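# An overview of the molecular structure
As a plain string of letters, each chain reads:
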Amino acid sequence: MWGFCRLLHRKVPIKSMALKALMSTLMTVCALSSSHAAESIQLVHSPLDARDLPTPGDFITMSVEVRNSRETNLKVRLAASRDGKLLDIGLPPGAFNESDIPVYRVQLPAPAAVMTYQFVVQDKDGGFTVSDRFVLRRSCIPTYRFEVPANAVDAAFKQEVGTLMSKAKSLEATTQHYENALRLIDDLRGLLNE
Amino acid sequence: MNKHFFLGLVPFLVFFSTAVAQPRVRSEIVVRVQVESKSPPSQVLGLVLSKGSANQEKDTKVTKIGDYLYEVLFKVPASTIDESSVATALVITKDDQWIFGSMTPTLVSNPDGELLNVPECAPETVSDKIQQGHVAPFKSLVDIRSARADLAKMQIGRLLSDEFIVKLRKAEQLFGVSRTTELSADLPPAELVDRLARLSDAIRDFKKSQQAAQ
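Here is a short report on the structure shown in this document. (Residues numbered from 1 in each chain as written. Chains lettered and ligands numbered in written order. Predicted model: local features only at pLDDT ≥ 70, side-chain atom pairs only at ≥ 80, totals over all residues. Heavy atoms only, no water.)

Bringing the packing of aromatic side chains into the picture now. Residue and element names in this part refer to chain A. For the structure shown, the criterion picks out 2 aromatic pairs over all chains. Ring geometry for Tyr-117 against Phe-119: centres 5.9 Å apart, planes inclined by 85°, an arrangement best described as edge-to-face. Plain terms: the ring middles of Tyr-117 and Phe-134 are 5.5 Å apart, the flat faces sit at 25° to each other, and that makes the pair stacked. Here Tyr-117 is found in strand S7 (residues 114–122), whereas its partner Phe-134 is found in strand S9 (residues 134–137), with 17 residues between them in sequence. Look at Phe-134 and you get buried, because its relative accessible area is 14%. One aromatic cluster is present, built from ring pairs that chain together Tyr-117, Phe-119 and Phe-134. (Phe/Tyr/Trp six-rings, centres within 6.5 Å; stacked < 30°, edge-to-face > 60°. Helix = DSSP H or I, 4+ residues; strand = E, 2+ residues; numbered from the N terminus. Buried < 20%, exposed > 50% of the residue type's maximum accessible area, 1.4 Å probe, protein only.)

With that out of the way, let us pick up the side chain of Ser-200 of chain B. Along the chain, Ser-200 of chain B turns up in helix H4 (residues 189–213). Under the relative-accessibility criterion, Ser-200 of chain B is labelled buried at 3%. Among residues more than four places away in sequence, those in contact with Ser-200 of chain B are Leu-184, Asp-187, Leu-188 and Leu-191 of chain A. (Contact = heavy atoms within 4.5 Å.)

Residue and element names in this part refer to chain B. Remark: helix H3 (residues 162–174) packs on H4, axes separated minimally by 10 Å, with the N-to-C direction vectors making an angle of 65°. On the basis of their axis angle, the class for H3 and H4 is roughly perpendicular. In terms of crossing hand, the pair formed by H3 and H4 is left-handed. The residues of H4 that touch H3, namely those facing Leu-168, Ala-171 and Glu-172, are Arg-195, Leu-196, Leu-199 and Ile-203. (Axes fitted to C-alpha atoms, helices over the stretch in contact; angles between N-to-C directions. Parallel < 35°, antiparallel > 145°, perpendicular 65-115°, else oblique. Left-handed = near helix turned anticlockwise from the far one by under 90°.)

Let us now look at the pairing of strand S5 (residues 69–77) of chain B. Residue and element names in this part refer to chain B. Two elements, strand S1 (residues 28–36) and S5, share 9 bridges in a ladder whose sense is antiparallel. Across the sheet, Glu-36 pairs through a bridge with Leu-69, a residue of S5. One ladder, built from 5 bridges, connects strand S4 (residues 60–64) with S5; its direction is antiparallel. What sits directly across from Thr-63, in S5, is Glu-71. (Pairing = 2+ DSSP bridges.)

This part covers the sheet that holds strand S5 (residues 95–96) of chain A. Residues and elements named next belong to chain A. Spatially, the 4 strands line up as an open sheet ordered S1-S2-S6-S5, and their pairing is antiparallel. Strand pairing shows two members of the sheet lacking a second neighbour, strand S1 (42–44) and S5, which therefore form its edges. As paired strands, S1 and strand S2 (residues 59–67) are joined by 3 bridges and run antiparallel to one another. In the strand pairing of S2, Leu-43 is matched with Val-66.

It is worth spelling out the packing of helix H3 (residues 155–193) of chain A against H3 of chain B at this point. Running from amino to carboxyl end, H3 of chain A crosses H3 of chain B at an angle of 80°, the nearest separation of the two axes being 12 Å. Between H3 of chain A and H3 of chain B, the crossing angle belongs to the class labelled roughly perpendicular. On H3 of chain B, the residues that touch Ile-185, Leu-188, Arg-189, Leu-192 and Asn-193 of chain A of H3 of chain A are Phe-164, Lys-167 and Leu-168 of chain B. Grouping the amino acids of the contact of H3 of chain A with H3 of chain B by side-chain chemistry returns 5 nonpolar, 1 polar and 2 charged. (Nonpolar A, V, L, I, M, F, W, Y, C, P; charged D, E, K, R; others polar.)

Here you go:
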């Protein structure tokens, strides 16, 4: 591993942005593996209650307090596996909360079933601190189905209502997702035109 | 940059992976990872990542199981698995694309593996309080919501104009977040959000690292 890390620091021209991003992450990992965690910094995160999760695809806000630091522009990352897919997000600059502690926040789509994640922070001296590992797991995957007991009075009528209610709920979620997508498209337009 | 150099480095990329696995009482664990790829794989690596180490398994078997779907199978000595282990696979295609497979649910206690075991929520029951006269408002609600969803989709279609969608697709490829299905307004809405969010994060991250380098 040390060999890899030394190699990473050689100056080699890289053409692709993907490779640049890869290099950047790898350098972070190498530094992480070779550094002692900065003792002074503490990462405090209160995990969401899975019962409060919105429907999959809706946004959740994750936040982490960086204690024993006065910086709001540290490099903080969220490394996660969401529904089996890797996710590695750099958090935007933090802000002080009411207790005067820097808090970093990020919004991301809620998982369909489960997400495991950790926060990683790099302090100004180059040291790294890794938070505990958190697991956010739904007890069940949300559906929009309605059922009518077979022996219900007016079963056919209730079935019709159930179908309508199911459609209405599903359309509500769909619209919400499209509105989120519109917001992201707007965001991307800005990013790509900068 | 030498491709093999990167191959050696890739396991560390996934070092942060947070899924957990429990050892089994078997000497070898068979890992199956599904990978989406438009082009046939030319090189395949099985990757097993544990807290302090990363192992590559070059002895892999690749089977085409769908139009663009491949299954990578490899064996891992049980002794190399610990509680932090997680497995995936890296496929390098003939046109030199790098594609990671999903985290395998084969390692039974991997929380992500439980995706397959999480049941659907029980359906709600239609209340007995609903009466015949309530059907019309529900129909109206469905019509209104349907119109709203159509409008939002139309707006997305308009915003994802030819030029812009080409830009986004190119960016997905550049940042390594491309998938087999092309980005378009016709994707399932939750997937569309996921793809756009990933792309937005990747671009923002890249810009930040560029600024830091200056």
